[in-house]
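So you can see what is in the structure, the chains are spelled out below.
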Amino acid sequence: MSLRFCLVPLRKACSGLRGLSNHCLSCCVNALLQAFSATWELAELLDKWETAGVREEDENIPLNLRRVLVAMKSACPLLPPHKDFLLCLERNRIRRNTQHDADQVFLFILNAVVQQIDNRSLALEVQNLYKISTETHLQCSSCSSTQIQSSYLLNLQLPVKEEHDSLEGCLTSYFRHEELQGENCCFCPKCGTQTPSKWGVKLLSLPQVLCISFKRFRGNLDGTRKLHCVVTFPESFDFSEVVKEAFASSFTQSGCGYTLYAVVVHAGNAACGHYTAFVRHPSDQHWYHADDSSVKRVSWEEVKSAYGGSSRDTAYMLMYRRGPSEGLQPGLPT
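Let me begin by describing the structure that accompanies this report. Numbering of residues starts from 1 in each chain and follows the order in which that chain's sequence is written. Totals for whole chains, interfaces and linings use all residues, but because this is a predicted model, local features are given only for residues with pLDDT of at least 70 and pairs of side-chain atoms are given and counted only at 80 or more. With hydrogens and water excluded, all non-hydrogen atoms of the structure serve as input to the side-chain values.

1. Remarks on the pattern of salt bridges
Cut-off, in case you're wondering: Salt bridge, as used here, is a side-chain nitrogen of Lys or Arg placed within 4 Å of a carboxyl oxygen of Asp or Glu. Here a strand is any run of E in DSSP of at least two residues, a helix any run of H or I of at least four, and the numbering for each starts at the N terminus. The buried label applies to any residue whose accessible area, calculated with a 1.4 Å probe on protein chains only, is under 20% of its type's maximum; exposed applies above 50%, and partly exposed to all values in between.
The full count for this structure, using the stated rule, is 9 salt bridges. Of the charged contacts in the structure, one is a salt bridge between Arg96 and Glu90, with a shortest N-O distance of 3.0 Å. Across the pair Glu235 and Arg280 runs a salt bridge, and its minimum N-O distance is 3.0 Å. With a gap of 45 residues between them, Glu235 in the loop between β12 (230-232) and β13 (236-238) and Arg280 in strand β15 (residues 273-280) connect regions that are remote in the sequence. Residue Glu235 is classed as partly exposed on the basis of its relative accessible area of 25%. The exposure class assigned to Arg280 is buried, which follows from its relative accessible area of 8%. If you follow the salt bridges from partner to partner, you end up with Glu162, Arg218 and Arg225 in one network.

2. A short note on the sheet that holds strand β2 (residues 146-153)
Filter applied, for reference: The rule for pairing is simple: two strands pair if DSSP sees at least two bridges between them. Angles shown run from 0 to 180 degrees and are taken between the N-to-C directions of axes, each axis being a line fitted to C-alpha atoms and, for helices, limited to the stretch in contact.
In spatial order, the strands read β2-β1-β8-β5; together these 4 strands make up an open sheet with antiparallel pairing. Looking at strand neighbours, the two that pair on one side only are β2 and β5 (178-180), the edges of this open sheet. Mean inter-strand twist for the sheet, computed between neighbouring axes without regard to direction, equals 30 degrees. Sheet topology note: the strand β1 (residues 132-140)/strand β8 (residues 197-205) ladder contains 8 bridges and is antiparallel. Looking at the pairing, Glu135 lines up with Lys202 of β8.

Next comes the structure, spelled out in structure tokens:
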């Protein structure tokens, strides 16, 4: 069936979630598409894009992403076709029949969306949806002078402890200032030489959609291994209460509360694995588990099974939305 016969307005969503067939080891992309589908803010921005003049449509990632997201929200009885999106990714060097890292593919897709939308103001809106503005502080321990550099991230990549950790603990570790000594000393322009220093990151602003990934894969001389340790995460949290020291003095946003709406899960080890996703549906606020074409409603207790440990099904990426848990997508029925 042609995709054109399945298109419906993005704001009209069917109940539940749509499954996605696994084509050529596409579970990684399938899980990310479920998370993107639940990010209604992204769908609304893509819906604004005037695409009449787009060339080489089969290579344009935002255009093909919009098409598959529309199909996933349609009332068609068949599974939404997404082979075209997979082919589009392959034309952009994300090959099929290959094990991929979900965090890397997520950033690749998001950056491609920003770069390939020909409406620059709209592209910046997409970027700002995920944009975490930061400044790095490098303070010389000898003269106390500080070098500050501003930058931005599209997700927070948090290191985890090998035994047991929590999202709160990971965030605290990430924003804790680090002592740089010995071979890690940095050049101080005022002292004119390499000196011990303190390095840290401060937040300038937080996005509407906060994407967090856990650095569960570590490389060593024997290759790459996966950390299966337990890492707990809350259904909602207030960033300003968890890590108060993370904010720059110029941070002025009010309201730093976030509610979880998607979890990308990795099962298996570093050499061979499988991705699924837990997604909170924007209309009924119930949790669903999407495992390729299989989708079933689950409880929050089942989502917490992705904390990790002996089950080896571990949360790899978390997506939080700023605002209260009762905040539903505008215009959707409850």
